Every structure is written in structure tokens, then in C-alpha cells.
Amino acid sequence: MLHRGQESTDGSGGGELAVPMAWLYAEYIADELLRTGDLMPPTSFEFRAGRDALALTIFLSDTGGELSGIRVVSQLETWLSLTAYDQPWQDWVCERLADLAADAQASGVPSPDLALAEAAWRWLEETELLAPDLDAVPGGAGAVGEDEGPKVWTPAWQLGLPLGHLAIHLF
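Each value, and the rule that gives it
- Residues numbered from 1 in each chain as written.
- Predicted model: local features only at pLDDT ≥ 70, side-chain atom pairs only at ≥ 80, totals over all residues.
- Heavy atoms only, no water.
- Helix = DSSP H or I, 4+ residues; strand = E, 2+ residues; numbered from the N terminus.
- Buried < 20%, exposed > 50% of the residue type's maximum accessible area, 1.4 Å probe, protein only.
- Contact = heavy atoms within 4.5 Å.
- Polar contact = N/O pair within 3.5 Å; in protein donor to acceptor, adjacent residues only side chain to side chain.
- Phe/Tyr/Trp six-rings, centres within 6.5 Å; stacked < 30°, edge-to-face > 60°.
- Lys NZ or Arg CZ within 6 Å of the ring centre and 35° of its normal.

### Concerning the overall build of the protein
For the protein, the helix and strand inventory stands at 6 helices and 2 strands. Moving toward the C terminus, one meets the helices and strands of the protein in the order α-α-α-α-α-β-β-α. Expressed as a percentage of its 171 residues, the buried residues of the protein come to 42%. When contacts within the protein are restricted to residue pairs at least 6 apart in sequence, long-range pairs at least 24 apart make up 69% of them.

Following this line, the structure appears as C-alpha cells:
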């Protein structure tokens, strides 16, 4: 399996296609966690937000560059703590991306994994999804259904992060 910093599929360099295996594997794990939780249809924007938020968490928490299928279960607690409601996840993502970008620049080797992670982060930050306003209190109204009540435009990461956190719990 390729990891960050390797240039090609066979590790020989030589200008061959660089395959972003670390990012693709993180995205695969996130996808499986969300599908197992069966929280959203896989074709929804909410699912994509959850998958991207989880994939970023998985990818960026892998400081050794050695994502391993064997270690997934042992990492669940780490991912739960990183995605918890009271954690500064957004700041952590920005710091880790900046650290990885600095490492890539210092090595002089572009990272296709980092490029995909940065694209996912841009989408999560720049895309807003219409979601129920959890801070609104219906003025004396009875029980409000999921599709009723006030809604607000919310950055995708703010919807995806709790969805990913819940998916980890359900796994």
C-alpha cells in the first residue's frame, strides 16, 4: 500500500503516476463506517459531508503514514475523541493540513493524498447545506417533524462531523 511521500505505485519514482492510497483508504474506511450506520442515503450531500469529515479525521490522525486495516478498530476511540462536539475539530484540521503542506514543500515531492484532503476540506468549508435549526425554539408549537420547522444554511462540515461521530458510535 502506498503512503504519503511515495511517488509511484511501485515506489521507484521515475515520473510515474502517483496514487493517493492513504487518502483513498481513509475515504474507504469513512464510507464503510457511514454505510454500516445507515444514517443517510449514500447519494445525499449529507452523506458526502459525513464521509469527507470522517475521511479527513482518519487521514489527518494517521501521523505515521501507516493506515492499516488491522488498526482500524483500535483507532475508533481516537476518531471519536477528535469528532466529539466539544473539540476544536476545524482548527485541528487546518493545523494538520498546514503541517502536511509544509512537509510536502520541504521534501519537494507533491502529495496527491494531501491534494485530495485539501479539496475535501475546501468542499466542507465552502458548501452550505440546508439543515434544521437546532437552536430555534418553536414558539409554542407542538412536536415539529424533521421536514418541518425552521432551517438554516450550515457549512457542510458542521453537518458531516456529528454524522461521522454517530456513525463511529454505531459501528
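Still more ground to cover, so stick around.
### Brief notes about the environment of Ile29
With respect to the element layout, Ile29 can be found in helix H1 (residues 21-37). Along the primary structure Ile29 and Ile58 are separated by 29 residues, whereas in three dimensions their C-alpha atoms are 8.1 Å apart. Once residues within four sequence positions are removed from consideration, Ile29 is found in contact with Ile58, Val72 and Trp79.

### Considering the side chain of Asp31
Looking at where Asp31 falls in the secondary structure, it is placed in helix H1. Exposure remark for Asp31: the relative accessible area of 13% places this residue in the buried category. When near neighbours in sequence (up to four residues on either side) are disregarded, Asp31 contacts Phe47 and Arg51.

### Quick look at the side chain of Ser44
Tracing the sequence through the fold places Ser44 in the loop between H1 and helix H2 (45-61). There is a polar contact of 3.1 Å between the side chain of Ser44 and the backbone nitrogen of Phe47.

### Considerations on the packing of aromatic side chains
For any two aromatic rings, the description comes down to two numbers: the centre-to-centre distance and the angle of the planes. All told, the structure shown has 5 aromatic pairs when counted by the stated rule. Taking the centre distance of 5.6 Å and the plane angle of 70° together, the rings of Trp89 and Trp121 count as edge-to-face. Linking Trp89 in helix H4 (residues 89-107) with Trp121 in helix H5 (residues 112-126), this pair joins segments that are 32 residues apart in sequence. On the basis of relative accessibility, which here comes to 2%, the residue Trp89 falls in the buried class. On the numbers, 6.4 Å between centres and 45° between planes, the contact of Trp121 with Trp157 is tilted. In this pair, Trp121 is assigned in helix H5 and Trp157 in helix H6 (residues 156-170), connecting sequence segments 36 residues apart. Take Trp121 and Trp157: they sit in the same class, and that class is buried. Joined through ring pairs, the aromatic side chains of Trp89, Trp121 and Trp157 make up one cluster. Seen from the ring of Trp123, Arg48 lies directly overhead, with NZ or CZ sitting 3.9 Å from the centre.

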